[in-house]
Amino acid sequence: MFSIARKNPAARPSCAALIRSLCVILLFVGFAGNTLAQEPVSSHVGGFTPLSDLLAEAEKNNPQIEAARQGWQAAKQVPTQVSTPPDPQFTLQHVSVGSPRPFAGYTNSDFAYLGLGVSQDIPYPGKLRLKGEIARRDADVTQQQIESVLRAVLADLKGAYFQLAYLSKTLTILKQDGELLKQVEQAADARYRSGLGTQQDVLQAQLQKTKLLREIAMHHLQVSKLQAQIKQLLNRPQDSTDIEPSELAETPLAQTYGDLLAAAQVQNPEIAGAQKRIDKQSLQVNLAHRDFYPDFNVQYMWQRTDPTQFRAYYMLSVGVRVPIYHGRRQRPELAQAEAEQLRAQSEFQARSQQVASELRMQYVIVQQTTELLKIHREGLSPQARSEFQAGLAAYQSNKQEFQAVLTAFLDVLHLDEDYWQNVAEYETAIARLEQLTGLSLRGEGPKR
């Protein structure tokens, strides 16, 4: 709260001091008036950028969303890789007899030959299919991450947009309420000139005007930060044209908490991703059981000696890879898969509880803020303005202290700012509900 000094009727400045003080006051008035008049707070009809346009632009251009999409495209290529049988191996053999020279003994010994063979590793039936299914579940989890990143980016964009709209509205309020402060200043000056007031009243009014200038400058700083954040989310150059937000308005929420929770349980990507991980780990357990079974190898060989002297050889062999170290390899693998499955189930429960908790908090914010806004509209704001106007009239009639008038003005200013801050928080909570549930809660249009 601004500090307000009480006037001292016994203190009367000298004539020279009065002249110097009046000069200072006139300088303050000129500086403050020009600064307030130059603030770019006028409406830009037709120049506003609808939030829907920015959301579509972010969905198309945001690099985080694009990175998630490319990650999914990469994950989709894995299932066919891991479910495809191993490549066959071709073998060329040459055996000499009696000498290391090539083809030695080829015409006089049936042990010298040229051989051509092929071998194929064959995993135990079902292993490749399970590996492909596991990779597909991984791709499904990655796909859910796209939606999760998309919703997070859009929610951040909405929050920054609503905060920017609040600051834009507040700049207009500061200008409008600055006119009320001007009335206070004029009343203080009139009473001072008539000898009924003090110079301190005028100086206090000028101090509040200077504080308004400081608040305007701080708002411009926050606007610049939000512009940078929004341009980053849109992947725009930082020196591009600034975004002009549309005016804030309340979005009605027709859904109950039960409706929102039911939608979140079905459409929330974090919950869906956690469920996909459970499915993946269940398949991983099945694969670990299959690893207790042997894999196979089939090899076929054709051998050619001198065709005029000897007949060709044809050889077929089958090999079996037996998992004899299952106590050190397969059993730990199975225990790991089962532990990961339990972990995935716990993560699913934790994620579901977290979503339900966050959903409840945002729903309460919406409900309570609705009541606050109603109290502001129907009670606080009109009462504060009526108190200010009555206090100003009483002060002008020498029936009210200056401090009470100034306090009433500050109440009007702060309540105006609080109202629009609450609207911004309300809309941000709606955006968070949309992120959690996947519902479009603004389809019914803004509340007027």
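Residues numbered from 1 in each chain as written. Predicted model: local features only at pLDDT ≥ 70, side-chain atom pairs only at ≥ 80, totals over all residues. Heavy atoms only, no water.

This next bit is on helix α3 (residues 63-75). Count 3.6 residues to each turn of an α-helix, and residues three or four apart come out pointing the same way. With 13 residues, α3 extends 18 Å between its outermost C-alpha atoms, agreeing within 8% with the 18 Å of an ideal straight helix rising 1.5 Å per residue. Turning to α3, its buried residues number three or more, namely Ile65, Ala68 and Ala75. Across the axial projection of α3, the buried residues extend over an arc of 85 degrees, all falling on one side. In this structure Asn62 caps α3, since a side-chain oxygen of it lies 2.9 Å from the backbone nitrogen of Gln64. (Helix = DSSP H or I, 4+ residues; strand = E, 2+ residues; numbered from the N terminus. Expected span 1.5 Å × (residues − 1). Buried < 20%, exposed > 50% of the residue type's maximum accessible area, 1.4 Å probe, protein only. Arc of directions from axis to C-beta. Polar contact = N/O pair within 3.5 Å; in protein donor to acceptor, adjacent residues only side chain to side chain.)

Okay, the packing of aromatic side chains next. Following the criterion strictly, the structure yields 4 aromatic pairs and no others. Plain terms: the ring middles of Tyr124 and Tyr293 are 4.7 Å apart, the flat faces sit at 15 degrees to each other, and that makes the pair stacked. Of the two residues, Tyr124 is situated in the loop between β2 (113-122) and α5 (127-193) and Tyr293 in the loop between α8 (269-290) and β3 (295-304); the sequence distance between them amounts to 169 residues. Given a relative accessible area of 25%, Tyr124 falls into the partly exposed group. Seen from their ring centres, Tyr257 and Tyr363 are 6.0 Å apart, and the 55 degrees between their planes marks the pair as tilted. Of this pair, Tyr257 sits in helix α7 (residues 257-267) while Tyr363 is found in helix α9 (residues 330-396), placing the two residues 106 residues apart along the sequence. Like Tyr257, the residue Tyr363 is buried in the burial classification. Just above the ring of Trp72 sits the side chain of Lys76; from NZ or CZ to the centre is 4.1 Å. The ring of Tyr257 has Arg360 lying over it, and the distance from NZ or CZ to the ring centre is 4.9 Å. (Phe/Tyr/Trp six-rings, centres within 6.5 Å; stacked < 30°, edge-to-face > 60°. Lys NZ or Arg CZ within 6 Å of the ring centre and 35° of its normal.)

This part is about a nonpolar patch on the surface. Residues Leu92, Leu116, Tyr300, Trp302, Tyr314 and Leu316 make up a contiguous nonpolar surface patch of about 700 Å² in total accessible area. Residue assignment for the nonpolar patch shows that the elements contributing at least two residues are β3 and β4 (313-321). Since its relative accessible area comes to 32%, Trp302 is described here as partly exposed. (Patch = residues over 30% accessible without salt bridge, like charges linked within 9 Å, V, L, I, M, F, W, Y side chains within 5 Å. Areas by Shrake-Rupley, 256 points an atom, 1.4 Å probe, with all protein chains shown as cover. Salt bridge = Lys/Arg side-chain N within 4 Å of Asp/Glu carboxyl O.)

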